[in-house]
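Chains, contacts and geometry: an overview
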Amino acid sequence: MFDMTLLVLLALAALGFVSHNTAVAVSILVLIIVRVTPLNHFFPWIEKQGLTVGIIILTIGVMAPIASGTLPPSSLFQSFLSWKSLLAIAVGIFVSWLGGRGVTLMSSQPGIVAGLLVGTVLGVALFRGVPVGPLIAAGLVSLFLAKS
């Protein structure tokens, strides 16, 4: 029997390789391996907890310079003295708020998730984006739809 889902995943992985975006390619290849092996029974857990685990790993990566001492506390305190850093703080707050709205929208309207995922994969593969887009994109969509 022909597995259209597997074909879509292979096409997206190829797009990741062609665009030299290893994050997309490796992520999709891992999902393909899970799909075609007995590990496929983990999909409900991946679907339920994957976003949380991903956010935890992303946060670890972002916080690593503070933990390692590469970014000293004095630099953190100085960020409140520069207008550029204050702007960065404000944008960070706004994007975090958008991400929260995005999580709410994605859980309340799962039909939107497919479009967000396709847009994010294309953005990552074709425009060298990073795959944190679905949450922020969903937050922006929620603003357009006037849903909180």
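In short, a report on the structure. Remember, predicted model here, so these are calculated numbers, not experimental data.

Considering all chains together, one arrives at one salt bridge under this definition. Taking the shortest distance from any N to any O, the salt bridge between Arg35 and Asp3 comes out at 3.0 Å. Residue Arg35 is found in helix α2 (residues 22–36), and its partner Asp3 is found in the segment before α1 (4–18); the two are separated by 32 residues along the sequence. Since its relative accessible area comes to 30%, Arg35 is described here as partly exposed. For Asp3, a relative accessible area of 29% corresponds to the partly exposed category.

It is worth spelling out the packing of α1 against α2 at this point. Helix-helix packing: each pair is described by the crossing angle between the helix axes and the interaxial distance. The geometry of α1 relative to α2 is characterised by a closest axis approach of 8 Å and an angle of 155° between their N-to-C directions. In terms of orientation, α1 and α2 fall into the roughly antiparallel class. In this structure, α1 crosses over α2, and the sense of that crossing is left-handed. From α1, Thr5, Leu6, Leu9, Leu10, Leu12, Ala13, Gly16 and Phe17 reach across to α2, where they touch Val24, Ala25, Ile28, Leu29, Ile32, Arg35 and Val36. When grouped by side-chain class, the residues that make up the contact of α1 with α2 number twelve nonpolar, two polar and one charged.

Conventions and cut-offs
Residues numbered from 1 in each chain as written. Predicted model: local features only at pLDDT ≥ 70, side-chain atom pairs only at ≥ 80, totals over all residues. Heavy atoms only, no water. Salt bridge = Lys/Arg side-chain N within 4 Å of Asp/Glu carboxyl O. Helix = DSSP H or I, 4+ residues; strand = E, 2+ residues; numbered from the N terminus. Buried < 20%, exposed > 50% of the residue type's maximum accessible area, 1.4 Å probe, protein only. Axes fitted to C-alpha atoms, helices over the stretch in contact; angles between N-to-C directions. Parallel < 35°, antiparallel > 145°, perpendicular 65-115°, else oblique. Left-handed = near helix turned anticlockwise from the far one by under 90°. Contact = heavy atoms within 4.5 Å. Nonpolar A, V, L, I, M, F, W, Y, C, P; charged D, E, K, R; others polar.

Everything listed is a geometric property; what it means functionally is a separate question.
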